[in-house]
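Inside the fold
The chain contents come next:
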Amino acid sequence: MENFVFYSPTCFVFGKGTEATAGQYVKKFGGTKVLIHYGGGSVVRSGLLDRVKKSLNDCSIPFVELGGVKPNPRSGLVYEGIDLCKKENVDFILAVGGGSVIDSSKAIAAGVVYDGDFWDFYQGKRIEEALPVGTILTIAAAGSEGSPDSVITKEEGMFKRGASGDAIRPRFSILNPELTQTLPAFQSAAGITDIMAHLYERYLTNSEEVEVTDRLIEGLLLTMIHEAPRVIENPNNYEARANIMWAGTMAHNNSCGVGRSQDWNSHSIEHELSALYDCAHGAGLAVTMPAVFTYEMNHNVMRFAKAAVRVWGCQMDFEHPEVTAKAGIEALRNFLISIGMPKNFEELGAKEEDIPKLVDVLCNGDGRKGSISGFTTLNEEDCTKIYQMMV
Ligand code: NZQ
Ligand code: ZN
């Protein structure tokens, strides 16, 4: 196990009806003027936005609103949010929605207190300072409610890039699984796929002797395999929603990623797809992961075989561990298809003729130097082959 510092100061408030406490938590964490940031309207239709406003009003906390965050959130609305916060002297950002809303909120929070262009943070500058952010989560997926990360797409060039810093870890996150019961099955499945990807990206490590985090990841993956079909069958299954929601937070607040190197090649390769085609991030990952894992498999066959046996219940073939490893990847692919995820470029809405463009932006865009690196290092030729495997 490698040395690590684990800092995860977010206050998680979990359970039924907890959104009614939003005002109290804003107050507790020092907010006196709030920006409520939300997406394309699901929180308006469900009545959640009204309940959140009531909670702020009950605590006499003034607020302004900015809706319209799109999935794969764009830089344009971030600039608008920064201007609004400066004009209105906002000192706390309350994200009401999914990963896209939370990421847009984090970008605004960092941008308000920074003299330069907020995009600097998405080109590698670490976020050291930001307004405090609180979240009320409506979809179990990205894990942004507990992560120090934000992913934004810059409209010019459609670069989808991430920024990081402990300053943007939410001060509190309200997790009420009931709020996820209005999700369409496709969005639930895309979220589940993203959670599983966050676990796999950590499982694929070059660090030795990391049994405790291996076992945590395996346990969370087994939970997803158990609970996913239950929410697809019955969207109102509160207990299954609850287990998925907490698994989603645990999968990405890095409690199961400490002390080990991680992969993230699947995420980098996927981000180009959701940037270009505006597909759901989880749906893109469903197509990306089996291809990347098959390509990376020989780098450490035993690691894939271990997941195959411990997570997917495959029989270990000691003479041919690659057979076991492949069976595990196939089991993952079939599972994702069974919950309604796409299996190839066509089903995702991606085009084979775009592969050179995808590879160029992936490997050379925005300051990169011809490759990406995680569990393995992948150059332009590798990435081309991986995208071709998805066709
Ligand atoms: O915009 P509204 O109307 O709210 O609709 C959303 C959106 O269309 C809808 N939705 C959310 N909650 C709902 C609901 N519909 C009905 N009922 C509800 N309760 O679902 C759609 C997707 O929402 P979005 O926020 O985009 O989903 P998700 O949480 O999957 O976030 C995806 C974004 O997060 C980034 C992804 O790249 C993508 O841009 N990620 C962020 C990470 C982070 N900050 O740590 C890590 C992840 O790996 C990921 O890259
Ligand atoms: Zn993800």
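Residues numbered from 1 in each chain as written. Chains lettered and ligands numbered in written order. Predicted model: local features only at pLDDT ≥ 70, side-chain atom pairs only at ≥ 80, totals over all residues. Heavy atoms only, no water.

1. Notes on the domain arrangement of the protein
Domain parsing of the protein yields domain 1 (11-179) and domain 2 (185-389). Residue-level contacts link 30 residues of domain 1 with 27 residues of domain 2. At the boundary of domain 1 with domain 2, total buried surface from both sides reaches about 2,300 Å², with 58% on carbon and sulfur atoms. Among the residues domain 1 hides against domain 2, the three largest losses belong to Lys160, Arg161 and Pro177. Together they make up 24% of the total. A salt bridge links Arg74 to Asp278, with the nearest nitrogen and oxygen atoms 2.9 Å apart. In this assembly, domain 1 and domain 2 are joined by eight residue pairs in polar contact (both at pLDDT 80 or more). The set of elements that each furnish at least two residues to the side of domain 1 that touches domain 2 consists of strand E1 (11-14), strand E6 (149-154) and strand E7 (159-164). Ranked by the residues each element gives to the side of domain 1 that touches domain 2, the list is headed by E7, at three residues. (Domains from an automatic or database assignment. Contact = heavy atoms within 4.5 Å. Buried area = accessible area lost by both parts, 1.4 Å probe. Salt bridge = Lys/Arg side-chain N within 4 Å of Asp/Glu carboxyl O. Polar contact = N/O pair within 3.5 Å; in protein donor to acceptor, adjacent residues only side chain to side chain. Helix = DSSP H or I, 4+ residues; strand = E, 2+ residues; numbered from the N terminus.)

2. Let's talk about the site of ligand 1
As a structural note, the neighbourhood of ligand 1 is formed by 31 residues, with Gly40, Ser42, Gly99, Ser100 and His198 the closest of them. With respect to ligand 1, the side chain of Ser147 contributes an N or O atom lying 2.8 Å from an oxygen atom. Take His281: an N or O atom from its side chain is 3.3 Å from an oxygen atom of ligand 1. Contact with the protein chains removes 89% of the 960 Å² of surface that ligand 1 exposes when unbound. (Near = heavy atom within 4 Å. Areas by Shrake-Rupley, 256 points an atom, 1.4 Å probe, with all protein chains shown as cover.)

3. Section: the coordination of the zinc ion (ligand 2)
For the zinc ion (ligand 2), the full set of protein donor atoms is Asp194 (OD), His198 (NE2), His267 (NE2) and His281 (NE2), at a range of 2.0 to 2.2 Å. Between the donor residues of the zinc ion (ligand 2), the gaps in sequence give the motif D-x3-H-x68-H-x13-H. Within this pair, whereas Asp194 is found in helix H6 (residues 185-203), its partner His267 is found in helix H9 (residues 265-277), the two being separated by 73 residues in sequence. Both residues of the pair, Asp194 and His267, belong to the buried class. (Donors = N, O, S within 2.8 Å, 3.2 Å for Na, K, Ca; no water. Buried < 20%, exposed > 50% of the residue type's maximum accessible area, 1.4 Å probe, protein only.)

4. Some remarks on the packing of H9 against helix H10 (residues 281-296)
In contact at an axis separation of 8 Å, H9 and H10 are set at 135° when each is read in the N-to-C sense. In terms of their interaxial angle, H9 and H10 are classed as oblique. Crossing of H9 against H10: the hand is right-handed. Across the interface between the two elements, Asn265, Ser266, His267, Ile269, Glu270, His271 and Leu273 of H9 pack against His281, Gly284, Leu285, Thr288, Met289, Val292, Phe293 and Glu296 of H10. (Axes fitted to C-alpha atoms, helices over the stretch in contact; angles between N-to-C directions. Parallel < 35°, antiparallel > 145°, perpendicular 65-115°, else oblique. Left-handed = near helix turned anticlockwise from the far one by under 90°.)

5. Describing the environment of His252
Relative to the helices and strands, His252 resides in helix H8 (residues 238-252). His252 sits in the buried class, given a relative accessible area of 9%. Contact partners of His252, with chain neighbours within four places excluded, come to Ala142, Gly143, Ser147, Asp149, His198, Arg202 and Trp264. Looking at His252, its side chain comes within polar contact range of the side chain of Arg202, at 3.2 Å.

6. Some words on the nonpolar core
Within the largest apolar cluster, 99 residues are counted, with the highest numbers of intra-cluster contacts made by Leu273 and Tyr387. Counting contributing residues, this core receives three or more from each of domain 1 (11-179) and domain 2 (185-389). The contacts of Leu273, once residues within four sequence positions are left out, are Asp278, Cys279, Gly284, Thr288, Phe345, Leu348, Ala350, Leu358, Tyr387 and Met390. Ala22, Val34, Leu48 and Val96 belong to the second-largest nonpolar core, a separate cluster that totals 21 residues. (Core = buried A, V, L, I, M, F, W, Y, C linked by side-chain atoms within 4.5 Å.)

7. Examining helix H7 (residues 211-233)
Look at H7: 34 Å from first C-alpha to last across 23 residues, which is about the 33 Å you get at 1.5 Å a residue. Among the residues of H7, Thr213, Asp214, Ile217, Glu218, Leu220, Leu221, Met224, Glu227, Ala228 and Val231 are the ones counted as buried. On its buried side, H7 packs onto H6, H8, helix H11 (301-310) and helix H12 (321-338). (Expected span 1.5 Å × (residues − 1).)

8. Notes on the packing of aromatic side chains
Scanning all chains against the criterion turns up 15 aromatic pairs. When the centroid spacing of 5.9 Å and the interplanar angle of 20° are considered together, the rings of Phe92 and Phe172 count as stacked. With a gap of 80 residues between them, Phe92 in strand E4 (residues 92-97) and Phe172 in strand E8 (residues 172-175) connect regions that are remote in the sequence. With a relative accessible area of 0%, Phe92 lands in the buried category. Aromatic ring contacts, followed pair by pair, group Tyr25, Phe29, Phe92 and Phe172 into a single cluster. Seen from the ring of Tyr238, Lys16 lies directly overhead, with NZ or CZ sitting 4.4 Å from the centre. A cation over a ring is seen here: Arg303 above Tyr203, with NZ or CZ 4.8 Å from the ring centre. (Phe/Tyr/Trp six-rings, centres within 6.5 Å; stacked < 30°, edge-to-face > 60°. Lys NZ or Arg CZ within 6 Å of the ring centre and 35° of its normal.)

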